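# Working through the structure, step by step
Chain by chain, the residues run as shown.
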Amino acid sequence: MEMVVVAPPAPGRLEDLRRRFFATPLQAVLSLACLAIMVFLVWKLLNWAVFSAVFTTSGGPEACQAAAGACWSVIAARWRIIFFGLYPYEEQWRSALACVAVVVMTVLSCIPAFWTGRRIALVWGAGTSLFYVLMKGGVLGLAHVGEEAWGGLALTLFIFVTTCLIGFPLAICLALLRRSELPWISRTTGLIIDGVRSLPLISILFTFAVVLPFALPQWLQGDKLYRVILGSALFFSAYQAEIVRGGMQGVATGQEEAAMALGMRYWQRVSRILLPQAMRNAMPATINQFVISFKETSLVVIVGFFEILASGNAAYGTGEWRFAYVEVYAFIAFIYFIFVFSLSRYGAFLERRMSVSER
Amino acid sequence: MISTNSTGEPALRIENLDKYYGTFHALRGINLSVKRGEKIVVCGPSGSGKSTMIRCINRLEQHNGGRIEVLGTELNDDVGNIDEIRREVGMVFQHFNLFPHMTVLENCMISPMIVRKQPRAQAEATARLYLEKVRIPEQAMKYPSQLSGGQQQRVAIARALCMQPQIMLFDEPTSALDPEMVSEVLDVMVTLASEGMTMICVTHEMGFARRVADRMIFMDGGDIVEEASPDEFFTSSRNERTRQFLSQVLGH
Amino acid sequence: MVSLLRNQKVRNALLQVLYVGSIAAMVLAGIVIARRNLADQGITSGFDFLFKSTGWDVNFSLLPATANDPYWWYFLIGIINTLFLGSVGLILATIVGTIVGLARTSSNDLARLLGRTYVDIFRNIPLILQVFFWYAIITHLPTPRSAHEAWGFLLTSRGLYIPFPNVGSAAFAAATLAVIAAIVLPAWLGRTSRLAQPIGQRRTIQFAAAAAALACAAIILAIGRMPDTPLLDFPALQGLNLRGGLRIPPEFATLAIAIAIYGGSYIAEIVRGGFKAVGTGQVEAALSLGLSPWRVFTLVRLPLALRAMLPILANQYVWLMKATTMGIAVGFTDFFMIVALTINHSGQTLEAIGILMAGFLAINLSLAAVFNRINKAIALKGNQLRG
Ligand SMILES: Nc1ncnc2c1ncn2[C@@H]1O[C@H](COP(=O)(O)OP(=O)(O)O)[C@@H](O)[C@H]1O
Ligand SMILES: [Mg+2]
């Protein structure tokens, strides 16, 4: 009679929950604590950001300040300054269009079909020129707007894009120079790369913005904006060079030998054999570097540029919106989050896909 | 200038070749002369300098002493000479070294196009011709990773032939292959030999050597120990080291 | 001539000379031009200015500082501030990162979700924005008169006030050293080469050493205590101002919080990676030996994970040290801000930049050296991590 076979009960919903969250007393405590924290945070956040928040400008700042929740009116009232800085009011559609161009360009360069040297150069060249023409004007009947009037998100994107545009080729050059067989070239380059990497970005931006004018003849000084971009590109390239070099080390030595045996010259070997493979190896790390670099663009606020952070400070800093700093920072953080999060998710996706295809 | 049809001078002349890796003396005063159309098979124990020698011929290694003359052109520090010689000397590696980011066809076309400046149509026609010759025309659009080892090595041979070289170097082309794929590669090499290509092959495939070689070369310790016709080499070698090596390679 | 240019050796030599030469020429030209430009402004180059008094103040210093102090003293203060902020940030970030990282590797879905949300949010927002945010929050706190109070802590717009032992700074520094010794000594003693005793005895000796060091700290505090005062000095409102306790200036608090939170999100990922690198094989082997989950964690998973994450952690710490330069955004006088102020006030541009580079090089190299030592000390003999 003891030999009755009992079919195991189909695990119901409840049983499943119990097993996942309440398997042991410790697990149960942990689950409950986490749940409590989550409910508390989500409730607080929703209450502040949605339920008790003010969304319209109708009541003015005073009514808004009196409300218990967030005062999104400040965004409604000041979004133009955050996005466009001091760009002339009637021309701000150009600034908006320029931002769209950069976003489109970024999305395009995430598509594998564009991953050949020529196509990616084309996309970035076209995107950046379009951005520049739209922002600066002076042609095609667009009114001229000097760089000193650029600001907000558009300036942030401009600095980021030009940093990459200059820094990326520079990084490839540095990587090639560092792995040169000629000892003096590789040593000197190594010194430059390691030197730049050991310095904080702020100090480099400061040097390029403030100190470099002393060390350059008048005709070479250029605009402060472009000097800072150059500094930021140099910093980017020092890090990216090591990533590219890592990618090159992943290319079998036999590849270069085969190319040599087929009679290819140095540049032919580099451009046709070495770089295509090295860049593929380095892709996830490269995207990660882009993410870091995008976040670091915000540091130019310290050397006095009116990019999105500074324009955010200005948006709440003057007059009646003084109290609404949390809302403004939350809004800017959200903008950064959208860019950075999607890019880094894409990087993670790529990494996973590559590690699968290797198997 | 490399002359294409003078028959007088040898295809390759090596005199007192010395090669050092740091302080290690890898090649000790090698002398070798190869006539046009001649097939040389080089064998010898591992580490005896076989690869080093044939890699010196197209300057994958730089020699430290002696002379190398390929098709009448001296291989020295002159960049122009190096480029010329590399165009005329094809090489096949142990590990194929196909370009993984290109299709088989592109692998075969790239060098004729960018080194010999051939128009695309002509390069493609040549590539298809040689792929036919190594008996894999249907794989032209695949990537190397989609092919078997034997197929990859045949593509590598076709790729080298597409440059229409006058001399072919083979560095153990079959030793990275599974046994059942060895013969398909050797068959291609035999065909190539029968068409009169000048070949220098490092290989331990003694059946192939017997069929194809005009001359056998046995290396040991960075030196050429014995140089003989295949008949002499396999049946009545005077050298103790050679006989010992042969007994190991051929089995007892 | 043409044939000479075709020669590989000549070409190589020429390329190297050209490359190194042009870089050297650019640097030299820059220095020469800068010296001339600066001389036109009446600034003589050289390091004599180091011994002149600065004439301006720093807002944070662990060492005594007045406007009469010379520049070299200020640079020293800057370096110490950077190292101090860096170490505080590094310790806090490590604590945050460890907790979040453990949550991310936990078997509990809710804990994992919580950890992941933390990382996703704080990693994807620039540090400088977080610095601005916390600075705005802290400077918008109530004035001392209506300060928040909790357990003797006061949160005000003038800084955070915390209870502090009633001792002189020298005694406090000595006590801090003793506490550090209490942590380091057992670890140092734990290495088999130094103590050839069986495990049990070794534990005892380690505990004894730690206890002795802690006792030292307590004695130092007791002796160094100001006469007729309670052991802990609580901050309290007196008139319009707060008296007593230790004031953490808003700038320092901001940076420490921001670095802890942002750095923590990176370290959490490193911790998670470290645990992921421990093969399930080892854990299963340990479990099958009948070890309890806790012992499996402390004896197998933790030590192995630590070894896997240490090199990456070292890079992250170097990065954190450099992140202290955010100080200039809120006006904390770290090393970089002192350099920037020096350039502003004295005009000794080239010298100050040189000192800046040398300082960060020294910081980076010494951190790297420390981590190399640690890495070597805990490296596995053989390659047990493989497979
Ligand atoms: N790049 C190198 N650096 C140092 N030593 C080398 C290098 N390449 C080969 N050698 C040494 O030179 C000797 C000859 O090598 P190799 O020509 O590859 O021998 P084989 O091809 O006959 O097996 C070996 O002892 C090898 O260790
Ligand atoms: Mg070999």
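The preceding data block contains the structure.
Now for a description of the structure that goes with this document. These figures come from a predicted structure and were not determined experimentally.

Rules used throughout
Residues numbered from 1 in each chain as written. Chains lettered and ligands numbered in written order. Predicted model: local features only at pLDDT ≥ 70, side-chain atom pairs only at ≥ 80, totals over all residues. Heavy atoms only, no water. Helix = DSSP H or I, 4+ residues; strand = E, 2+ residues; numbered from the N terminus. Buried < 20%, exposed > 50% of the residue type's maximum accessible area, 1.4 Å probe, protein only. Contact = heavy atoms within 4.5 Å. Areas by Shrake-Rupley, 256 points an atom, 1.4 Å probe, with all protein chains shown as cover. Axes fitted to C-alpha atoms, helices over the stretch in contact; angles between N-to-C directions. Parallel < 35°, antiparallel > 145°, perpendicular 65-115°, else oblique. Left-handed = near helix turned anticlockwise from the far one by under 90°. Nonpolar A, V, L, I, M, F, W, Y, C, P; charged D, E, K, R; others polar. Near = heavy atom within 4 Å. Polar contact = N/O pair within 3.5 Å; in protein donor to acceptor, adjacent residues only side chain to side chain. Pairing = 2+ DSSP bridges. Buried area = accessible area lost by both parts, 1.4 Å probe. Salt bridge = Lys/Arg side-chain N within 4 Å of Asp/Glu carboxyl O. Expected span 1.5 Å × (residues − 1). Arc of directions from axis to C-beta.

Take the overall build of chain C next. When its secondary structure is counted, chain C shows 13 helices and eight strands. Its C-alpha atoms give chain C principal-axis dimensions of about 80 × 75 × 45 Å. Among the 387 residues that make up chain C, the fraction classed as buried is 40%. For chain C, the share of sequence-separated contacts (at least 6 apart) that also reach a separation of at least 24 residues comes to 66%. Here chain C displays about 20400 Å² of accessible surface, and carbon together with sulfur accounts for 68% of that area.

Residue and element names in this part refer to chain A. Where helix H11 (residues 253–261) meets helix H12 (residues 266–296), the axes come as close as 10 Å, and the angle between the chain directions of the two elements is 160°. By the angle between their axes, H11 is roughly antiparallel relative to H12. Crossing handedness for the pair H11 and H12: right-handed. Facing Gln255, Glu256, Ala259 and Met260 of H11, the residues of H12 in contact are Arg269, Ile273 and Gln277. Looking at the contact of H11 with H12, its residues break down into three nonpolar, two polar and two charged.

Residue and element names in this part refer to chain B. Every residue close to ligand 1 is listed here: Tyr21, Phe24, Pro45, Ser46, Gly47, Ser48, Gly49, Lys50, Ser51 and Thr52. Residue Lys50 places a side-chain N or O atom 2.8 Å away from an oxygen atom belonging to ligand 1. With respect to ligand 1, the side chain of Thr52 contributes an N or O atom lying 2.5 Å from an oxygen atom. For ligand 1, the protein covers 59% of the area, taking 550 Å² as the surface of the free molecule. Residue contributions to the shell around ligand 1 peak at three residues, all from helix H1 (residues 50–57). Tallied by class, residues from the shell around ligand 1 come to three nonpolar, six polar and one charged.

Moving on, we come to the pairing of strand E4 (residues 65–70) of chain B. Residues and elements named next belong to chain B. Examined bridge by bridge, strand E1 (residues 12–21) and E4 share five bridges and lie antiparallel to one another. Directly across from Leu12, in E4, lies its bridge partner Val70. Looking at chain direction, E4 and strand E5 (residues 73–74) are connected through two bridges and run antiparallel. Within E5, the residue paired with Glu69 across the bridge is Glu74.

With that settled, the discussion passes to the interface of chain C and chain A. Listed as interface residues are 52 residues of chain C and, on the opposing side, 54 residues of chain A. Of the roughly 4500 Å² buried between chain C and chain A on both sides combined, carbon and sulfur atoms contribute 74%. For the interface between chain C and chain A, the tally reads zero salt bridges. Scanning the region where chain C abuts chain A turns up 10 residue pairs in polar contact (both at pLDDT 80 or more). Within the residue set of the side of chain C that touches chain A, elements represented by two or more residues are helix H2 (8–40), helix H4 (109–123), helix H5 (127–139), helix H8 (250–277), helix H10 (293–323), helix H11 (327–330), helix H12 (335–346) and helix H13 (349–378) of chain C. In terms of residues, the side of chain C that touches chain A owes the most to one element, H2(C), which gives 11 residues. Looking at the side of chain C that touches chain A residue by residue, the classes come out as 34 nonpolar, 13 polar and five charged.

Residues and elements named next belong to chain B. Taking 1.5 Å of rise per residue, 14 residues should cover 20 Å, and helix H4 (residues 120–133) covers 20 Å from first to last C-alpha, within 8% of that figure. Ala123, Thr126, Ala127, Tyr130 and Leu131 are the residues of H4 that are buried. Around the axis of H4, the buried residues are gathered within 135° of arc, so they sit on the same side. Residues Ala121, Leu129 and Glu132 are exposed on H4 and point more than 90 degrees away from its buried face. Where H4 is buried, its residues touch helix H3 (104–114) and helix H5 (149–162). The positive-phi residue at the C-terminal boundary of H4 is Arg135, with phi of around 70°.

Turning to the packing of H4(C) against H8(C), a few remarks are in order. All names here are of chain C. With their axes 9 Å apart at the nearest point, H4 and H8 run at an angle of 125° to one another. Put simply, H4 runs oblique to H8. Of the two elements, H4 crosses H8, and the hand of that crossing is left-handed. Contacts from Tyr118, Val119, Phe122 and Arg123 of H4 reach H8 at Ala260, Ile261, Tyr262, Gly264, Ser265, Tyr266, Ala268 and Glu269. Classifying every residue of the contact of H4 with H8 by side-chain character gives eight nonpolar, two polar and two charged.

Turning our eyes to something else, we now look at the interface of chain B and chain A. Each partner contributes residues to the interface: chain B has 23 residues there, and chain A has 17 residues. The largest share of the area that chain B buries against chain A comes from B:Arg86, B:Phe99 and B:Ile114, three residues that together contribute 30% of it. The tally of links between chain B and chain A comes to two salt bridges. The shortest N-O distance in the salt bridge between B:Asp83 and A:Arg265 comes to 2.5 Å. At the surface where chain B touches chain A, the tally comes to eight residue pairs in polar contact (both at pLDDT 80 or more). Among the elements of the structure, helix H2 (79–88), strand E6 (89–92), H3 and H5 of chain B are those that each provide at least two residues to the side of chain B that touches chain A. Residues belonging to the side of chain B that touches chain A are distributed by class as follows: 13 nonpolar, four polar and six charged.

With that out of the way, let us pick up the sheet that holds strand E1 (residues 148–150) of chain C. All names here are of chain C. Taken in spatial order, the four strands line up as E1-E2-E3-E8 in an open sheet, and their pairing is antiparallel. In this open sheet, the two strands that pair with only one neighbour each are E1 and strand E8 (246–248). Within this sheet the neighbouring strands show an average axis-to-axis angle of 20°, counted without direction. Note: E1 against strand E2 (residues 153–156), three bridges, orientation antiparallel. The residue bridging His148 from the neighbouring strand is Leu155, located in E2. Of the strands in this sheet, strand E3 (159–162) and E8 are in contact with H8, which crosses E8 at around 65°.

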